[in-house]
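# Breakdown of the fold
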Amino acid sequence: CSGIATPSIPRYTPHSPALLVPTQTAALEQIVAVSLGDGSVRAHSLPTEGPVTEIFRSPAFEGGSACFVAKSLGTSVRIITGGWDGTVRAFSFDATSSTSASSPPPEAAIIKVPFNDSATALAQLDGDLLLVGTEKGMIHFYDASSSPARLLGTYTQAHSDAVSVLVPHPSRPALVMSGGEDGTVAVHDISRPDEDSACLSVMNAGCPVRRAGFFGGGDWEGTWITTGSEGCQAWHWPGALRVCEYAGGIEAGGDARGALVAAASRVGRSDFTADYLLGCHFDGGRGSLMLLAGSHGGKLSYFELGAGGGVSLVAESVENVLAGHRATLRDFDVATGGVLVTGGEDGRICEWIPGEKVQEISFSSSEARATRGFQHKRKERKHGKIKRGSPY
């Protein structure tokens, strides 16, 4: 696709595309931001009707963009990007106006990560507090209200290898989860005076951590982790207790893909394949932890994870040349209303919702092309077979 470069998600980055909450402007439905293969980050508005509009493009990092985060407050948007060269840049702009590649908005703050290190994970917290995880396993805290941003402190003991995940707690602003290439996930109370007292829990996933998040609603005491071995785990973080590993036993080697294939087979999908895991999210409506998986051909699958290790196939994309992705999916996020937003190596950004009629938006050279194609798995049977239906 000539209109947008391939979304680039390097090995330490779980955060792109990052979906912003809907703006307060009636003209805009939502905003999606995505990192690209040229090392830049772009933001697009997705209106209810009409073409997708690029509203922001950051300068490209020479060595590639390692990570980024995006946050919106009303019509104001802040995007922070981190590079392999150790530079972190913050941009703020109005979502109702557009910028160009030649004249991006001025940098609101700029950081040079110390110790000749690279930025590998970012998190924006309230009060202009910015967390920067690094390739050497450190977590730096910055006051991003000024330029250059002011270094407030550093955690040096949480990880022995690159930090791959930084996730704020959904309901407790002082809590932050970090995960790393060393296979550990930790929950910190950053309001405490030192790193030792701030560490509330440490969980050993046994493999490099690719993505992680909180789940459960209420106090959000659950933690999900996906690993470099395509494993998926659920933990109770206050007790550092592994509740479940969705891998079919130790003989599966921590790989959850076999459990996904078995779940698909139980509903008549004997030809199902899952090449990789994208990650999880908590569906508040279902009260369940959901897992997304994909194929190298661009097929998206959506699973419900049970508390006892059970896995159920909920929905999958339909093979349609006009719909969905045509190559490996790289990342996803969840919009308001449960809409799934995915980015792939085919340069497409697609919107999905299981079991409902919804437009899927892909970028072309001149405008967004509205197509359709997410199939809900029904349990209706016709002539002894599961009714598979057709694309909506």
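Quick look at the overall build of the protein now. A tally of helices and strands in the protein yields two helices and 32 strands. Out of the 392 residues in the protein, the part that is buried amounts to 55%. For the protein, long-range pairs separated by at least 24 residues make up 45% of all intrachain contacts whose partners lie at least 6 apart in sequence. When the accessible surface of the protein is totalled, it reaches about 16,100 Å², and 49% of it is carbon and sulfur.

Within the secondary structure, Phe303 sits in strand β23 (residues 300-305). Residue classification places Phe303 among the buried positions, given a relative accessible area of 0%. If sequence neighbours within four positions are ignored, Phe303 has contacts with Leu260, Ala263, Phe272, Leu289, Met290, Leu291, Ala293, Val311, Ser312, Leu313 and Val314.

When pLDDT drops low, the exact placement of atoms in the prediction is not to be read closely. Taken residue by residue, the protein gives an average pLDDT of 76. The fraction at 70 or more is 71%. Below a pLDDT of 50 lies the segment residues 356-392, which in the model reaches 100 contacts outside its immediate sequence neighbourhood of four places, other chains included.

What follows concerns the pattern of salt bridges. Evaluation of the coordinates by the stated rule reveals 13 salt bridges. Arg78 is the partner of Asp128 in a salt bridge, and the nearest nitrogen-oxygen pair spans 3.4 Å. One end of the pair, Asp128, is in the loop between β9 (119-125) and β10 (129-134); the other, Arg78, is in strand β6 (residues 76-83), with 50 residues separating them in the sequence. Of the residues examined, Asp128 reaches a relative accessible area of 34% and is grouped as partly exposed. Residue Arg78 is classed as buried on the basis of its relative accessible area of 15%.

Most of strand β7 (residues 87-94) is tucked away: six of the eight residues are buried. Across seven bridges, β6 lies against β7 in antiparallel orientation. Looking at the pairing, Ile80 lines up with Ala90 of β7. Hairpin connection from β6 to β7: three residues lie between these consecutive antiparallel strands, with Gly86 at a positive phi of about 90°.

We now examine helix α2 (residues 257-266). Every buried residue of α2 is listed here: Ala259, Leu260, Ala263 and Ala264. Taken down its axis, α2 places every buried residue within 135° of arc, on the same side. Taken together, the buried residues of α2 touch β21 (276-283), β22 (288-294), β23 and β24 (311-317). Positive backbone phi, at 85°, marks Gly268, one or two positions downstream of α2.

Thresholds, definitions, all that
Residues numbered from 1 in each chain as written. Predicted model: local features only at pLDDT ≥ 70, side-chain atom pairs only at ≥ 80, totals over all residues. Heavy atoms only, no water. Helix = DSSP H or I, 4+ residues; strand = E, 2+ residues; numbered from the N terminus. Buried < 20%, exposed > 50% of the residue type's maximum accessible area, 1.4 Å probe, protein only. Contact = heavy atoms within 4.5 Å. Areas by Shrake-Rupley, 256 points an atom, 1.4 Å probe, with all protein chains shown as cover. pLDDT = per-residue confidence, 0-100. Salt bridge = Lys/Arg side-chain N within 4 Å of Asp/Glu carboxyl O. Pairing = 2+ DSSP bridges. Arc of directions from axis to C-beta.

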